[in-house]
Amino acid sequence: MKALAEIGWARTLRFGFFTAAMLPYRLLLVPQLRAPWLRLLGARIGRGTILHDVRFFNLYRRGMGGLEIGDECFLGDECLLDLAEGIRLERQVTLAERVLVLTHTNVGYHDHPLQARFPAQAAPVVIEQGSFIVANATLLPGIRIGARSFVAAGSVVTADVAPATLVAGVPARAVRSLA
């Protein structure tokens, strides 16, 4: 009941709606059928985009209206997208398997003992045209990945990535220019 007290009835009902709305999405086994369902729920998804078994959370905040995916994008199995704030993938962006895109961080309830030291934050994430985010990479809130950039497998991106740059590591650092 503490969660209900913190988020209120409206967000609780919204959570229930989106939980139910994602059941048909999960049952659509053909990736090409998933985009039209998400469009019905308010997402903006371009032509030729493939969505494998992508998962969404915090839908009760922004809803699918916070998701914008350009033409010819590919999102691999087990990607996890946080829609507490907006996520925009421009044209021809690839997210390989198990990419985590976070738009918020929060240690817990308002009275959590670490809340004063680590206050909640939320900010949208943008991945510009032609970028490739490799398997198991994590993007933190507020990140912008520049056009034609490459984020190596397992990297944790904590700061913006310049266009045409290969980054790798924890935290991700520029390895070389791709220009």
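Asks: What exactly am I supposed to notice about the packing of helix α1 (residues 2–27) against helix α2 (residues 31–40) here?
Replies: To describe two helices that pack against each other, one gives the angle between their axes and the distance between the axes. It is at 9 Å that the axes of α1 and α2 come closest, and there the two elements cross at 165 degrees. Taken as axis vectors, α1 and α2 run roughly antiparallel relative to one another. Of the two possible hands of crossing, α1 and α2 adopt the one that is right-handed. Counted together, A21, M22, P24, Y25 and R26 of α1 and R34, W37 and L38 of α2 form the full contact between these two elements. Of the residues belonging to the contact of α1 with α2, the class tally is 6 nonpolar, no polar and 2 charged.

Asks: I would appreciate a short explanation of the state of the cysteines in the present structure.
Replies: The bond known as a disulfide is covalent and runs between the sulfur atoms of two cysteines. Inspection of the entire model under this criterion finds 0 disulfides. The thiol of C73 is unpaired, and the distance to the nearest cysteine sulfur, on C79, comes to 12 Å. On the basis of relative accessibility, which here comes to 0%, the residue C79 falls in the buried class.

Asks: Would you mind showing me how to read the pattern of salt bridges here?
Replies: Pairs can form between side chains of opposite charge once their charged atoms are near each other. Applying the stated criterion across every chain yields a total of 10 salt bridges. Where E68 meets R44, a salt bridge forms, and the shortest distance between an N and an O atom there is 3.5 Å. Here E68 is found in strand β4 (residues 67–69), whereas its partner R44 is found in strand β1 (residues 44–45), with 24 residues between them in sequence. Overall, the relative accessible area of 44% leaves R44 in the partly exposed class. Residue R88 pairs with E90 through a salt bridge whose shortest N-O separation is 3.0 Å. A relative accessible area of 24% places E90 in the partly exposed class. Where salt bridges share partners, they join R26, D53 and R55 into one cluster.

Criteria and thresholds
Residues numbered from 1 in each chain as written. Predicted model: local features only at pLDDT ≥ 70, side-chain atom pairs only at ≥ 80, totals over all residues. Heavy atoms only, no water. Axes fitted to C-alpha atoms, helices over the stretch in contact; angles between N-to-C directions. Helix = DSSP H or I, 4+ residues; strand = E, 2+ residues; numbered from the N terminus. Parallel < 35°, antiparallel > 145°, perpendicular 65-115°, else oblique. Left-handed = near helix turned anticlockwise from the far one by under 90°. Contact = heavy atoms within 4.5 Å. Nonpolar A, V, L, I, M, F, W, Y, C, P; charged D, E, K, R; others polar. Disulfide = S-S within 2.5 Å. Buried < 20%, exposed > 50% of the residue type's maximum accessible area, 1.4 Å probe, protein only. Salt bridge = Lys/Arg side-chain N within 4 Å of Asp/Glu carboxyl O.

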